[in-house]
Amino acid sequence: MRFAIIAITANGANLGAIIKRGLPQSTLFVIEKHATGDAVPFSGRVPALLARLWPDFGGFLCVMATGIVVRSIAPLLQGKDQDPAVVVMDDAGRFAISLLSGHLGGANALATQCADLAGATAVITTATDVNDLPSFDMLAQENGWRIEDLSRVKVLNALLLEGKEIAVIDPTGKVAEYCGGKGNLLFVEDCEQTAQSSAKGVVLVTNGLLPPTVDLERALVLRPVDLCLGIGCNRGTAADEIASVVSRHLAQLSLSDRSIKCLASAEAKADEEGLLAYARDKGIPLVFFSSEELNGVNVPSPPSEHAFAAIGARGVAEPAALLAAAGGKLLLHKVKDGNVTLAIAQSSIR
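No experiment lies behind these values; they were computed from the predicted model shown. By convention here, each chain's residues receive numbers from 1 onward along its written sequence. Residue-level local features of this predicted model are given only where pLDDT is at least 70; pairs of side-chain atoms are given and counted only at 80 or more, and the full residue set underlies all totals for whole chains, interfaces and linings. Excluded from the side-chain calculations are hydrogens and water; all other atoms, namely the structure's heavy atoms, are used.

## What to know about the packing of helix 2 (residues 46–53) against helix 3 (residues 66–73)
Helix-helix packing is characterised by the crossing angle of the two axes and by the distance between the axes.
So, point 1. Lines are fitted to the C-alpha atoms to define the axes, a helix being fitted only along its stretch in contact, and any angle between axes, read from their N-to-C directions, falls within 0 to 180 degrees. Here a strand is any run of E in DSSP of at least two residues, a helix any run of H or I of at least four, and the numbering for each starts at the N terminus. Close contact between helix 2 and helix 3 brings their axes to 9 Å; oriented N to C, the two are set at 55°. One way to sum up the angle between helix 2 and helix 3 is to call them oblique. In this structure, helix 2 meets helix 3 at a crossing whose hand is right-handed. Facing helix 2, whose interface residues are Val 46, Pro 47 and Leu 50, helix 3 presents Ile 68, Ser 72 and Ile 73.
So, point 2. For the contact of helix 2 with helix 3, the residue count by class is five nonpolar, one polar and no charged. We call two directions roughly parallel when the angle between them is under 35 degrees, roughly antiparallel when it is over 145, roughly perpendicular when it lies between 65 and 115, and oblique otherwise. Crossing handedness follows the turn of the near helix against the far one: under a right angle anticlockwise gives a left-handed crossing, and clockwise gives a right-handed one. Contacts are assigned to residue pairs that have any heavy atoms within 4.5 Å of one another. Residue type decides the class: Asp, Glu, Lys and Arg count as charged, Ala, Val, Leu, Ile, Met, Phe, Trp, Tyr, Cys and Pro as nonpolar, and the leftover types, Gly among them, as polar.

## A word on unusual backbone geometry
So, point 1. The backbone of Ser 101 shows a phi angle near 60°, a positive value even though the residue is not glycine.
So, point 2. Tracing the sequence through the fold places Ser 101 in the loop between strand 6 (95–100) and helix 4 (107–118).
So, point 3. One non-glycine residue with positive phi stands out, namely Asp 132, at about 55°.
So, point 4. Note on placement: Asp 132 falls in the loop between helix 5 (127–130) and helix 6 (136–143).

## Some thoughts on the side chain of Ser 259
So, point 1. Mapped onto the elements of the fold, Ser 259 is located in the loop between helix 10 (239–252) and strand 14 (260–266).
So, point 2. On the accessibility criterion, Ser 259 (0% relative accessible area) is buried.
So, point 3. Not counting chain neighbours up to four residues away, the residues in contact with Ser 259 comprise Arg 146, Thr 206, Asn 207, Arg 223, Pro 224, Val 225, Asp 226 and Leu 227. Note on exposure labels: buried denotes an accessible area under 20% of the residue type's maximum, exposed denotes more than 50%, and partly exposed covers the range between, all computed with a 1.4 Å probe on protein chains only.

## Thoughts on the pattern of salt bridges
So, point 1. Any carboxyl oxygen of Asp or Glu within 4 Å of a side-chain nitrogen of Lys or Arg constitutes a salt bridge here. One pass over the structure, following the stated rule, counts 14 salt bridges.
So, point 2. As a salt-bridge pair, Asp 215 and Arg 218 come within 3.4 Å of each other at their nearest N and O atoms.
So, point 3. Looking at Asp 215, the relative accessible area reads 34%, which means it is partly exposed.
So, point 4. Between Arg 280 and Glu 273 there is a salt bridge; the shortest N-O distance is 2.8 Å.
So, point 5. With relative accessibility at 45%, the residue Glu 273 sits in the partly exposed group.
So, point 6. Where salt bridges share partners, they join Arg 235, Lys 269, Asp 271 and Glu 272 into one cluster.

## Observations regarding the nonpolar core
So, point 1. Working definition of a nonpolar core: buried Ala, Val, Leu, Ile, Met, Phe, Trp, Tyr and Cys residues. They are joined through side-chain atoms within 4.5 Å. Formed by 22 residues in total, the largest nonpolar core has its most connected members in Ile 19, Leu 61, Val 87, Met 89, Ala 96, Leu 110 and Cys 114.
So, point 2. Where this core is concerned, the elements lending two or more residues are strand 1 (3–7), helix 1 (10–22), strand 2 (26–31), strand 4 (59–63), strand 5 (85–89) and helix 4.
So, point 3. In terms of residues, this core owes the most to one element, helix 4, which gives five residues.
So, point 4. Setting aside residues up to four positions removed in sequence, Ala 96 forms contacts with Val 87, Val 88, Met 89, Ala 111, Cys 114, Ala 115, Ala 120, Thr 121, Ala 122 and Val 123.
So, point 5. Counting 20 residues, the second-largest nonpolar core is a separate cluster that includes Leu 255, Ile 260, Ala 279 and Ile 284.

So far we have only geometry, and geometry alone does not tell us how the molecule works.
Encoded structure:
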């Protein structure tokens, strides 16, 4: 993550320089009259500087009064899943305050790091942290999971703080590992056991579609990003046809498209416009493998004479999916559906 350190006084500039040495990915911006060394000088007002830097940095340390920062960032805010971390430090270097995006943006961690570097006290106000409880949004972030509905984090974290029982369905075991026995959590196998419990909320870790019995108002759904889709297609196949095939087979397997990690194919398809357009439209990473790499994977389906004649690979969909999954397992053996061949592999749990 790239950090911007902004200082507007001589003391702040000195403090910023100390912290910059401990944050290798940081850039120090200092008002012109106090800029020395490798600090980037700026003129004008802080709100204009923050507005210019906002899209390019994942975190900000502002060495100045909290009020200046609050007024400056207010027009820039979009949401807790989009805003960068913002930490404020006083000119004397006594406190490092986590102001914005404490969890998902990493401001709590940044405040602690800056405090350690400056000999200051970190000020953290998020309720789960100050009560020494786990936080479900941090759980998701640490495991690279997607949160189905971010508003549910607030609901479930509130239940956690109130000591209410929360049912957890987690085949990965990561929730129990992260929480370490903290919180009133009841670990169950399925939604039926949840319904039979006295739990006031549920945390559900799944790449599958949700059963109709799940009460979405009190459920936090965390999506492991672990589905690797191997795709082969005839030349000129439209993005709409690829989308239709993927949606149909995910639905048949009761899998959620929110858990798609990547699309994988042969290098020969690196210029396939329909495939590229589908990946762009869905915001899904697309990886390609050489014929030699594809041929080095043992797959259950028989070799494809068509693929071998066209690109020298004995198959595309299955070996590409398995390579992308890096040792995972096939959930869907290759299927030919119109102009598209699809296989789905699940990454192994790390």
